[in-house]
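A structural walkthrough
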Amino acid sequence: MRPAHVCLAVLVAAVWGVNFVVIEVGLDHFPPLLFSALRFLVAALPAVFFVGRPKVAWKWIVGVGLVLGVAKFGLLFIGMDAGMPAGLSSLVLQVQAVFTGFFAFLALGERPGRVRVTGMVIALGGIAVAAVDEGETGPLTAFALLMGAAACWGVSNVLTRKASPPDALNFMVWVSTVPVLPLLALSLLFEGPSRDLAALRSLDWQGAGIIVYVAWVTTVFGFGAWGYLLRRHPASTVAPFSLLVPVFGMSSAALVLGESVSGLRWCAAALLVGGVALASFPGAGRGSVRRSGSPGVTGVHGRGPAAPQAAPHPRTSASRTPSTATPPSSPR
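Residues numbered from 1 in each chain as written. Predicted model: local features only at pLDDT ≥ 70, side-chain atom pairs only at ≥ 80, totals over all residues. Heavy atoms only, no water.

Some words on the overall build of the chain
Scanning the chain from N- to C-terminus turns up 14 helices and 0 strands. When the helices and strands of the chain are placed in sequence order, the string is α-α-α-α-α-α-α-α-α-α-α-α-α-α. Counting every position in the chain, which comprises 332 residues, the buried fraction comes to 53%. Accessible surface, the chain: about 13300 Å² in total, of which carbon and sulfur atoms supply 71%. (Helix = DSSP H or I, 4+ residues; strand = E, 2+ residues; numbered from the N terminus. Buried < 20%, exposed > 50% of the residue type's maximum accessible area, 1.4 Å probe, protein only. Areas by Shrake-Rupley, 256 points an atom, 1.4 Å probe, with all protein chains shown as cover.)

Details of the side chain of Glu 259
Relative to the helices and strands, Glu 259 is located in the loop between α13 (245-257) and α14 (263-279). Accessibility expressed as a relative area gives 6% for Glu 259, which makes it buried. Reaching out from Glu 259, the side chain makes a polar contact with the backbone nitrogen of Gly 87 at a distance of 3.1 Å. (Polar contact = N/O pair within 3.5 Å; in protein donor to acceptor, adjacent residues only side chain to side chain.)

What about the environment of His 5?
Relative to the helices and strands, His 5 resides in helix α1 (residues 3-26). Between the C-alpha atom of His 5 and that of Val 238, which follows or precedes it by 233 residues, the distance is 9.5 Å. Ignoring sequence-local partners within four residues, the contact set of His 5 consists of Tyr 228, Leu 229, Arg 232 and His 233. (Contact = heavy atoms within 4.5 Å.)

Details of a nonpolar patch on the surface
On the surface, Leu 41, Leu 45, Phe 49 and Phe 50 cluster together to form a nonpolar patch covering roughly 480 Å² of accessible area. With respect to the helices, strands and loops of the structure, Leu 45 is situated in the loop between α2 (32-44) and α3 (58-81). A relative accessible area of 41% means that Leu 45 is categorised as partly exposed. (Patch = residues over 30% accessible without salt bridge, like charges linked within 9 Å, V, L, I, M, F, W, Y side chains within 5 Å. Salt bridge = Lys/Arg side-chain N within 4 Å of Asp/Glu carboxyl O.)

Things to note about the packing of α2 against helix α11 (residues 205-232)
Between α2 and α11, the least distance of the axes is 8 Å, while the angle of their chain directions is 55°. In terms of orientation, α2 and α11 fall into the oblique class. Every pair of crossing elements has a handedness; the one defined by α2 and α11 is right-handed. Mapping the contact onto sequence places Phe 35, Leu 38, Arg 39, Val 42 and Ala 43 in α2 and Ile 210, Ile 211, Val 214, Ala 215, Trp 216, Thr 218, Thr 219 and Val 220 in α11. For the contact of α2 with α11, the class distribution of residues is 10 nonpolar, 2 polar and 1 charged. (Axes fitted to C-alpha atoms, helices over the stretch in contact; angles between N-to-C directions. Parallel < 35°, antiparallel > 145°, perpendicular 65-115°, else oblique. Left-handed = near helix turned anticlockwise from the far one by under 90°. Nonpolar A, V, L, I, M, F, W, Y, C, P; charged D, E, K, R; others polar.)

Points about the packing of α1 against α3
Any two packed helices are characterised by how steeply their axes cross, that is the angle between the axes, and by the distance between the axes. Close contact between α1 and α3 brings their axes to 10 Å; oriented N to C, the two are set at 65°. Between α1 and α3 lies a crossing whose hand is right-handed. Touching Phe 20, Ile 23 and Glu 24 of α1 are Leu 76, Phe 77 and Met 80, all from α3. The residue inventory of the contact of α1 with α3, partitioned by class, reads 5 nonpolar, no polar and 1 charged.

Details of the confidence of the model for the chain
In this model, the chain carries an average pLDDT of 83, and 82% of its residues clear a pLDDT of 70 or more. In this model, residues 287-331 is a region of pLDDT below 50 whose contacts with residues beyond four sequence positions or in other chains number 230 contacts. (pLDDT = per-residue confidence, 0-100.)

Quick notes on the environment of Leu 88
Tracing the sequence through the fold places Leu 88 in helix α4 (residues 86-92). The exposure class assigned to Leu 88 is buried, which follows from its relative accessible area of 0%. With 171 residues separating them along the chain, Leu 88 and Glu 259 place their C-alpha atoms 9.4 Å apart.

Here we look at the packing of aromatic side chains
Considering all chains together, one arrives at 9 aromatic pairs under this definition. A ring pair is formed by Trp 58 and Trp 174, whose centres lie 5.5 Å apart and whose planes are at 85°; its orientation type is edge-to-face. One end of the pair, Trp 58, is in helix α3; the other, Trp 174, is in helix α8 (residues 168-177), and 116 residues separate them in sequence. Members of the aromatic cluster, each reached through a chain of ring pairs, are Phe 30, Phe 35, Phe 40, Phe 73 and Phe 77. Here Lys 72 stacks its cationic end above the ring of Phe 73, 3.8 Å away from the centre of that ring. (Phe/Tyr/Trp six-rings, centres within 6.5 Å; stacked < 30°, edge-to-face > 60°. Lys NZ or Arg CZ within 6 Å of the ring centre and 35° of its normal.)

Things to note about the pattern of salt bridges
Between side chains of opposite charge, a pair can form when the charged atoms approach closely. Overall, the coordinates contain 2 salt bridges when judged by the stated rule. Lys 55 is the partner of Asp 167 in a salt bridge, and the nearest nitrogen-oxygen pair spans 3.5 Å. One end of the pair, Asp 167, is in the loop between α7 (140-163) and α8; the other, Lys 55, is in the loop between α2 and α3, and 112 residues separate them in sequence. For the salt bridge of Arg 161 with Glu 110, the shortest nitrogen-to-oxygen distance reads 4.0 Å. On the criterion of sequence distance, the pair formed by Arg 161 in helix α7 and Glu 110 in the loop between α5 (96-108) and α6 (114-137) is long-range, its members being 51 residues apart.

Some details on the nonpolar core
Counting residues in hydrophobic clusters, the biggest one holds 83 residues, and the most contacted among them are Phe 35, Leu 76, Met 80, Met 84, Val 92 and Leu 93. Element by element, the count of residues in this core is highest for α1, at 10 residues. (Core = buried A, V, L, I, M, F, W, Y, C linked by side-chain atoms within 4.5 Å.)

Re helix α9 (residues 180-190)
Among the residues making up α9, those that are buried are Val 180, Leu 183 and Ser 187. All buried residues of α9 fall inside an arc of 75° around its axis, so they share one side. Seen from the open side of α9, the exposed residues pointing more than 90 degrees away from its buried face are Leu 181 and Leu 189. Where the residues of α9 are buried, they touch α2, α3, α8 and α10 (193-201). Just downstream of α9 lies Gly 192, where phi reads positive at about 90°. (Arc of directions from axis to C-beta.)

Next comes the structure, spelled out in structure tokens:
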């Protein structure tokens, strides 16, 4: 890769990693489901009028929009609001690579080779260590919600693989139109119209800036730049840069939010990132595709990777503790 493209890939990873911190701050302004709905609304408008007509069938846009936009980001935002720390969230979502491989095997017949399976097992070991760490410092329910978000991300990766969009930015903008109404309906149902109205009435410059960041910077710029890189370089060259996302996520959470990083969490990070790196190593799945023309599926971070109450509700120490336990991460 040219130095400029390397810098762009690192910048996208940094944008997606810092996004978890931005989401954490945004959850003090908006209920999680409303937050997620606003993120996709602003990501879709006005961009949808400039990217041209959809370049894939609507069934893929709707499918990815519901699984990625409603399920994945809804669970991510709710999980972070329930106490998952931002830094840990950016790490746990990396297990989407394992879910992607599993669902690709079921749906596409893609059999992982021994190296990839070994990497997946190591990554799952990292998740087990992270679960132990979270069980000591925060609510396991929030951790389970993040795991659900990672699983939904894996499903959306397989759907995206099936759709094979020729233009990542066009696809992501149109996908962003799908979750808005379902998320608003869910927010009205579970978070209540009074909380939603109070959050909107109290919107300030910080809240508006947060929405712009998660919508335009992480979604429009992030996915657009990532798609640009993928069109010019092999996926095996570009995808490893996504492993920098939890590095930026955990470090920015420590610097900005004061989240502590325990020894167990560092161990979990090493196992998870190392396992995903091994599973993504060029040739790890070579000879493992059972169907002709079915390359491996790779995940993309977008908070990205994630989302959203009437007046901003106070957080109790049980539900959110800045230094230990609970955060966001497409991401994320």
